[in-house]
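Observations on the model geometry
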Amino acid sequence: MLTNVDSAAFAVFLALFILVTGMGFVASRWRKPETLAHLDEWGLGGRKFGTWITWFLVGGDFYTAYTVIAVPALVYAVGAYGFFALPYTIIVYPFVFAVMPVLWKVAKERGYVTAGDVVRGAYGSRGLELAVAATGVLATMPYIALQLIGMEVAIKALGLSGEVPLVLAFLVLAVYTYSSGLRAPALIAFVKDIMIYIVVIAAIAIVPSKLGGYGAVFSAADAAFAAKGSGGVLLSPAQIVPYASLALGSALAAFMYPHTLTGIFAASGGNTIRKNAMLLPAYTLLLGLLALLGYMGHAAGLKLASNNDVVPELFKTLFPSWFAGFAFAAIAIGALVPAAVMSIGAANLFTRNFWKVWVDPKVTPAGEAKVAKITSMLVKVGALLAILLMPTQFALDLQLLGGLWILQTLPALVFGLYLNWFSSTALLAGWAVGLAGGSWLAWSDGLKPLHGIDFGAGTVAVYTGVLALALNIVVAVVVNLVLKGLPQARLSREAA
Amino acid sequence: MIRLLLLLPFIGLMIVPFYNIREPYLFGFPFFYWYQLAWVPLTSLLTYIVYRSVRRAD
């Protein structure tokens, strides 16, 4: 298991990992509540996180370890197209600014913990509540698995082989999340985010100077794509609509996920969220520069077995081993924060919108916290087993569908904040058609996120999630008109 | 009305053909890259302007 391990890198990695593990357990006493045996405390950290804690938590939770690995990997492989993550993580914030404070306010006033709670409150429909909650849990599971893939890449880069390190790291995470709840990732997020900032700033400041500057980096990427005959530092005409629609659809889906919503609900107020919409783009700047590591991989002439190795290999090649160890620790710890928040978000949904509704309606707040703690544990073990037992591609495909699925909860969750027009039946019909139709399209396209639409003059590919959302909204509007029209039509006939 | 400023990043970034070009370069970055990166601080600034007008809303 310990072949090819660089001792300096390993020592740095291990020390940092032990540090955050300690923090994970100490977190239960951080900003100590009267009791942790309440979902508001265990699952939302007491809804008292101010601007800075929220900034670190949501930043640490939204820009995941997998992002750090996968975005540069995609840019390395295909070029400009991989950059859609940049417009995506810019336009998401005006949306957060406009919508999330409204959602937070409703949740705070009525004691809601999950998206399912909000929907039940708005429409009084158990069916719609269950649909939104189940979608949230299903979409989150593969997302957790993805964090494990990110962690696996970092552990492998360190020279450790076998699955034991991954299992150990994840079990430790599961135990302190169980005991400390949302306080654990919130506290660890400080360390994680600062480490990631150091790593990325070092990379974007130092790597180009070793490779002859940014001009040389872009030229090398240009040459590599030309030699390969595919990809490029600009989009091909056929990639323009996919690029824009992926950015838009991803931005609308991003804050429908249980983990991002958990970060929102845990904030101390609407202005905390508004200020974060203003400050969180700092991470986007980081992400945009991080994506360029993909091109630096070409400039450094790396020969890679897998695209996902571009970031680790770059660090191994260009930095002293202790700093490479620091970078790998940053990525591995970077996986812990989102994995913890995701499992908490999923556990909150299960507890509030399934257990409390269908199994034990008289459950006490302490009972709720206990169910959620156990669920968070099971969710993580499930994700771990999925990664160990199933092919990686399975998690990636499911994650792709998960984005499409979670987007279908947007009308139910968001429209009710502004409009009193839709009925729960209409929204449920829209959700069902969007979910089934979108999944079917994605399936028939071989689990690719894009679907070609024939406009006669030529085929234009669009992100399937956006198509499914459009279908969802159209169905909801039509069903609502029909439902509203029926009694009215009867009335007017009777009047005549 | 000032809230409409929040729509500018959507417009600026959805008009992909407008910025899918190399020239002019800035610090070695083709236009495609620095144009999109420039929207990051710009979006923060627009959000700040809107924030100033609504922060007393609740």
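Within each chain, residue numbers correspond to sequence positions counted from 1 in written order. All chains are assigned letters beginning with A, and all ligands numbers beginning with 1, in the order in which they are written. This being a predicted model, a pLDDT of at least 70 is required before a residue's local features are given, and a value of 80 or more before pairs of side-chain atoms are given or counted; all residues contribute to the totals for chains, interfaces and linings.

Below, the discussion takes up the overall build of chain A. Per the convention used, a helix needs a DSSP run of H or I reaching at least four residues, while a strand needs a run of E reaching at least two, with both numbered from the N terminus. The number of helices and strands found in chain A is 22 helices and two strands. Computation of the radius of gyration draws on C-alpha atoms, with the globule rule given as 2.2 Å multiplied by the number of residues to the power 0.38. A globule of 496 residues ought to have a C-alpha radius of gyration of about 23 Å, and chain A, at 23 Å, matches this closely. Dimensions of chain A, computed from C-alpha atoms along their principal axes, come out at roughly 85 × 65 × 40 Å. Backbone-placed C-beta atoms define the burial measure: a residue is buried with 20 or more other C-beta atoms within 10 Å of its own, exposed with 12 or fewer, and partly exposed in between. Residue burial in chain A is summarised as follows: out of 496 residues, 56% are buried.

Here we take up the overall build of chain B. Looking only at helices and strands, chain B has three helices and zero strands in total. From first element to last, N terminus to C terminus, chain B shows the α and β order α-α-α. At 14 Å, chain B has a C-alpha radius of gyration far larger than the 10 Å of a compact globule built from 58 residues. Seen through its principal axes, chain B has C-alpha atoms that stretch 45 × 20 × 10 Å. Across the 58 residues in chain B, those meeting the buried criterion constitute 29%.

Next up on the list: unusual backbone geometry. Comment: phi is negative for the bulk of residues other than glycine, and the bulk of peptide bonds are trans. All names here are of chain B. With an omega dihedral of -5°, the bond running from Glu23 to Pro24 counts as a cis peptide bond. Structurally, Pro24 can be placed in the loop between helix 2 (16-19) and helix 3 (31-54). Of note in this structure, Phe27 is not a glycine but carries a positive phi near 50°.

This brings us to the UniProt feature "transmembrane region" (unreviewed entry) in chain B. In this numbering, the UniProt entry assigns the feature "transmembrane region" (unreviewed entry) to residues 32-51 of chain B. In this annotation, residues 32-51 of chain B is assigned 100% helix and 0% strand; the end-to-end C-alpha distance for the span is 29 Å. UniProt positions are given in the numbering used here, feature names are shortened, and annotations may be inferred rather than shown by experiment.

The next point concerns the interface of chain A and chain B. A pair of residues counts as a contact when their C-beta atoms, built from backbone coordinates, are within 7 Å of each other. Tallying the contact residues gives 32 residues for chain A and 25 residues for chain B. Elements represented by at least two residues in the side of chain A that touches chain B include exactly helix 5 (85-110), helix 10 (213-228), helix 11 (240-254), helix 13 (270-279) and helix 14 (281-291) of chain A.

Let us look at the environment of Ile91 of chain A. All names here are of chain A. Positionally, Ile91 belongs in helix 5. What makes Ile91 buried here is the crowd of 26 C-beta atoms within 10 Å. It is 9.6 Å that separates the C-alpha atoms of Ile91 and Pro281, two residues lying 190 residues apart in sequence.

Another aspect to go through is the pairing of strand 2 (residues 459-463) of chain A. In short, DSSP must find at least two bridges between two strands for them to pair. One ladder, built from five bridges, connects strand 1 (residues 450-454) of chain A with strand 2 of chain A; its direction is antiparallel. Pairing of Asp454 of chain A across the sheet is with Thr459 of chain A, part of strand 2 of chain A.

In contact at an axis separation of 8 Å, helix 13 of chain A and helix 3 of chain B are set at 155° when each is read in the N-to-C sense. Between helix 13 of chain A and helix 3 of chain B, the crossing angle belongs to the class labelled roughly antiparallel. Here Arg274, Ala277 and Met278 of chain A of helix 13 of chain A lie close against helix 3 of chain B, whose contacting residues are Ser44, Thr47, Tyr48 and Tyr51 of chain B. When residues are sorted by character, Ala, Val, Leu, Ile, Met, Phe, Trp, Tyr, Cys and Pro go into the nonpolar class, Asp, Glu, Lys and Arg into the charged class, and all the rest, Gly among them, into the polar class. Taken together, the residues of the contact of helix 13 of chain A with helix 3 of chain B break down into four nonpolar, two polar and one charged. As a rule, the C-alpha atoms of each element are fitted with a line to give its axis, helices using only the stretch in contact, and angles between N-to-C directions run from 0 to 180 degrees. When an angle is under 35 degrees it counts as roughly parallel; over 145 it counts as roughly antiparallel; between 65 and 115 it counts as roughly perpendicular; any other value is oblique.

Buried Ala, Val, Leu, Ile, Met, Phe, Trp, Tyr and Cys residues whose C-beta atoms connect them within 7 Å together make up a nonpolar core. In this structure, Leu148, Ala247, Ala291, Phe328, Ile331 and Ala332 of chain A are the most contacted members of the largest nonpolar core, which totals 198 residues. Every residue in contact with Leu148 of chain A, bar those within four places of it in the chain, is listed here: Leu166, Phe170, Ala335, Ala383, Leu384 and Ile387 of chain A.

Across the chain, each position has a pLDDT score giving the predictor's confidence in that residue, from 0 to 100. Model confidence for chain B is summarised by a mean pLDDT of 91, while 97% of its residues fall at 70 or above. In the predicted complex, the global pTM is 0.90; the interface-specific ipTM is 0.95.

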